[in-house]
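Each chain is listed here by its residues.
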Amino acid sequence: MSEYILETRNLSFQYPDGTKALRNINLKIEKGKKISVVGVNGSGKSTLFLNFNGVLKPTEGILLYKGKEVKHNHRSLLELRKNIGIVFQDPENQLFSASVFQEVSFGAMNLRIAEDEVRNRVNEALRNVGMYEYKDKAVHFLSYGQKKRVSIADILVMKPEIIVFDEPTSSLDPKHSKQMVKIFDELNDNGMTVILSTHDVELAYSYSDYIIVMKDGEIVKQGTPVEIFSDDNLIRDCYLEKPMVLEIFQQLCKNNKFISEKDIPRNKEELFHVLKVLG
Ligand SMILES: Nc1ncnc2c1ncn2[C@@H]1O[C@H](COP(=O)(O)OP(=O)(O)OP(=O)(O)O)[C@@H](O)[C@H]1O
Ligand SMILES: [Mg+2]
């Protein structure tokens, strides 16, 4: 069996109108990792994610789940979607039930688990995203950020092996963004592979084990957060920005070029610590 939980080989995708949204994508995702996908609007992040859980079918190339090629037949797709949950970029495309509770229980009911277990999972997921008090409210009256959080609960309740979040923190306030990141960490601590896309370079830099950079439907570079955001040409060519923590560190430590990668700060606390040590 492959050591990679998800893999693509020469995967390309073209929309019916002729747009070549993905070109020759080769990816290997290790189980239990935290992966971020970054890249400007239209670079192909959402299209890639929709190929990951079989909503879209590759025009060329293949997707492998646990080393096995995903066939687009009923059984294979059912199995894939049970194990790979995707939270859509736009919650309006995901939510369809009347009440918040109904919405979140819908997916879990399809798993054929006992009713008590469904209720427990729904309550837990709603508490996790801070939407428990809204469980009887009509979905269409929720604010956009609240809908986003319900759409995340929708997938948490399924307890998949891989969870794919398409821009999970866009449109969330700072408090709830932090809360989501905490949830991702908890999920990951419990062995779940977490893949997310984001325009927030600070989040990608501080959070990920590994980052994938996309441009014009292609993967331009993959690597650790420090590798990616130390590459000034890449940042320029892909219209990214250097995370502030790394920029400050690089400015202050120009003479310390030989510091090892693991000692380079990835968040404010680590930066403060380094500054203290360096006096
Ligand atoms: N249903 C569709 N039909 C035709 N073209 C599409 C469709 N959906 C997306 N595209 C095109 O495919 C390309 C990739 O779009 P995609 O939504 O995957 O980008 P993205 O990286 O997720 O962008 P964003 O950061 O804005 O979310 C774009 O050029 C887009 O215009
Ligand atoms: Mg997108």
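Rules used throughout
- Residues numbered from 1 in each chain as written.
- Chains lettered and ligands numbered in written order.
- Predicted model: local features only at pLDDT ≥ 70, side-chain atom pairs only at ≥ 80, totals over all residues.
- Heavy atoms only, no water.
- Pairing = 2+ DSSP bridges.
- Helix = DSSP H or I, 4+ residues; strand = E, 2+ residues; numbered from the N terminus.
- Contact = heavy atoms within 4.5 Å.
- Axes fitted to C-alpha atoms, helices over the stretch in contact; angles between N-to-C directions.
- Near = heavy atom within 4 Å.
- Polar contact = N/O pair within 3.5 Å; in protein donor to acceptor, adjacent residues only side chain to side chain.
- Areas by Shrake-Rupley, 256 points an atom, 1.4 Å probe, with all protein chains shown as cover.
- Nonpolar A, V, L, I, M, F, W, Y, C, P; charged D, E, K, R; others polar.
- Core = buried A, V, L, I, M, F, W, Y, C linked by side-chain atoms within 4.5 Å.
- Buried < 20%, exposed > 50% of the residue type's maximum accessible area, 1.4 Å probe, protein only.
- Parallel < 35°, antiparallel > 145°, perpendicular 65-115°, else oblique.
- Left-handed = near helix turned anticlockwise from the far one by under 90°.
- Phe/Tyr/Trp six-rings, centres within 6.5 Å; stacked < 30°, edge-to-face > 60°.
- Domains from an automatic or database assignment.
- Buried area = accessible area lost by both parts, 1.4 Å probe.

## Here's the deal with the sheet that holds strand β4 (residues 60-65)
Then, number 1: What the four strands build is an open sheet, ordered β2-β1-β4-β5; its pairing is antiparallel. Strand pairing shows two members of the sheet lacking a second neighbour, β2 (20-30) and β5 (68-69), which therefore form its edges.
Then, number 2: Relative to β5, β4 runs antiparallel, the two being bridged by two bridges. Looking at β5, one finds that Leu-64 is bridged to Glu-69.
Then, number 3: Packing against the sheet, helix α1 (residues 45-52) makes contact with β1 (4-14), β2 and β4, and its axis sits at approximately 60° to β2.

## Here we look at the site of ligand 1
Then, number 1: In the vicinity of ligand 1 lie 15 residues, with Gly-42, Lys-45, Ser-46, Thr-47 and His-199 positioned nearest.
Then, number 2: In the environment of ligand 1, an oxygen atom lies 2.5 Å from a nitrogen or oxygen atom belonging to the side chain of Thr-47.
Then, number 3: Taking 640 Å² as the accessible area of ligand 1 by itself, protein coverage stands at 65%.
Then, number 4: The greatest single-element share of the shell around ligand 1, amounting to three residues, is contributed by α1.
Then, number 5: Partitioning the shell around ligand 1 into residue classes produces three nonpolar, nine polar and three charged.

## Structural notes on the nonpolar core
Then, number 1: One finds Val-104, Val-129, Leu-156, Ile-163, Phe-165 and Leu-187 to be the most contacted residues of the largest nonpolar core, which totals 33 residues.
Then, number 2: Within the residue set of this core, elements represented by two or more residues are α3 (100-109), α4 (115-128), α5 (144-156), β7 (162-166), α6 (174-189), β8 (193-197) and α7 (201-207).
Then, number 3: Setting aside anything within four residues of it in sequence, one finds Leu-187 in contact with Leu-156, Ile-163, Phe-165, Met-192 and Val-194.

## Thoughts on the packing of α3 against α4
Geometry of a packed helix pair, given as the angle between the helix axes and the separation of the axes.
Then, number 1: Relative orientation of the contacting elements α3 and α4 amounts to 125°, with a least axis distance of 9 Å. Overall, the two elements α3 and α4 adopt an arrangement that is oblique. The element α3 and its partner α4 pack so that their crossing is right-handed. In this structure, α3 uses Val-100, Phe-101, Val-104, Ser-105, Ala-108 and Met-109 to contact α4, whose residues at the interface are Val-118, Arg-119, Val-122, Asn-123, Ala-125 and Leu-126.

## Remarks on the packing of aromatic side chains
Then, number 1: Scanning all chains against the criterion turns up six aromatic pairs.
Then, number 2: For the pair Phe-184 and Tyr-207, a centre-to-centre distance of 6.2 Å together with 70° between the ring planes defines the contact as edge-to-face. Placement of Phe-184 in helix α6 and of Tyr-207 in helix α7 is noted, with a sequence separation of 23 residues between them. An identical accessibility class is assigned to Phe-184 and Tyr-207; each is buried.

## Concerning the domain arrangement of the protein chain
One frequent convention defines the size of an interface as the accessible area lost when the parts assemble.
Then, number 1: If you check the domain split of the protein chain, you get domain 1 (4-93 + 161-240) and domain 2 (243-279).
Then, number 2: Centre-to-centre, using C-alpha coordinates, domain 1 lies 28 Å away from domain 2.
Then, number 3: With 12 residues of domain 1 at the interface, the matching set in domain 2 holds 10 residues.
Then, number 4: Across the interface of domain 1 and domain 2, roughly 910 Å² is buried in total on both sides, 55% from carbon and sulfur atoms.
Then, number 5: Among the residues of domain 1 in contact with domain 2, Glu-202, Tyr-205 and Val-226 are the three that bury the most area, contributing 56% of the side total.

## Observations concerning the side chain of Asn-123
Then, number 1: Considering the arrangement of structural elements, one finds Asn-123 in helix α4.
Then, number 2: Residue classification places Asn-123 among the buried residues on the basis of a relative accessible area of 15%.
Then, number 3: Once residues within four sequence positions are removed from consideration, Asn-123 is found in contact with Phe-101, Tyr-132 and Lys-135.

## Things to note about unusual backbone geometry
Then, number 1: Of note, the phi angle at Arg-112 is positive, near 55°, even though the residue is not glycine.
Then, number 2: Backbone geometry places Ser-171, a non-glycine residue, at a positive phi of 70°.
Then, number 3: By the element assignment, Ser-171 lies in the loop between β7 and α6.

## A short note on the sheet that holds strand β10 (residues 218-223)
Then, number 1: Here six strands make up an open sheet; going across it, the order is β6-β7-β8-β3-β9-β10 and the pairing mixed. Strand pairing shows two members of the sheet lacking a second neighbour, β6 (84-87) and β10, which therefore form its edges. Within the sheet, the average angular offset between the axes of one strand and its neighbour, ignoring direction, is 15°.
Then, number 2: Against the sheet, α5 contacts β6 and β7, and its axis sits at roughly 175° relative to β6.

## Re the pairing of β1
Then, number 1: Two elements, β1 and β2, share seven bridges in a ladder whose sense is antiparallel. Pairing of Phe-13 across the sheet is with Leu-22, part of β2.
Then, number 2: Counted along the chain from β1 to the antiparallel partner β2, the turn is five residues long, and its residue Gly-18 has a positive phi close to 100°.
Then, number 3: Where β1 lies against β4, five bridges are found, and the strand directions are antiparallel. The residue bridging Ser-12 from the neighbouring strand is Glu-60, located in β4.

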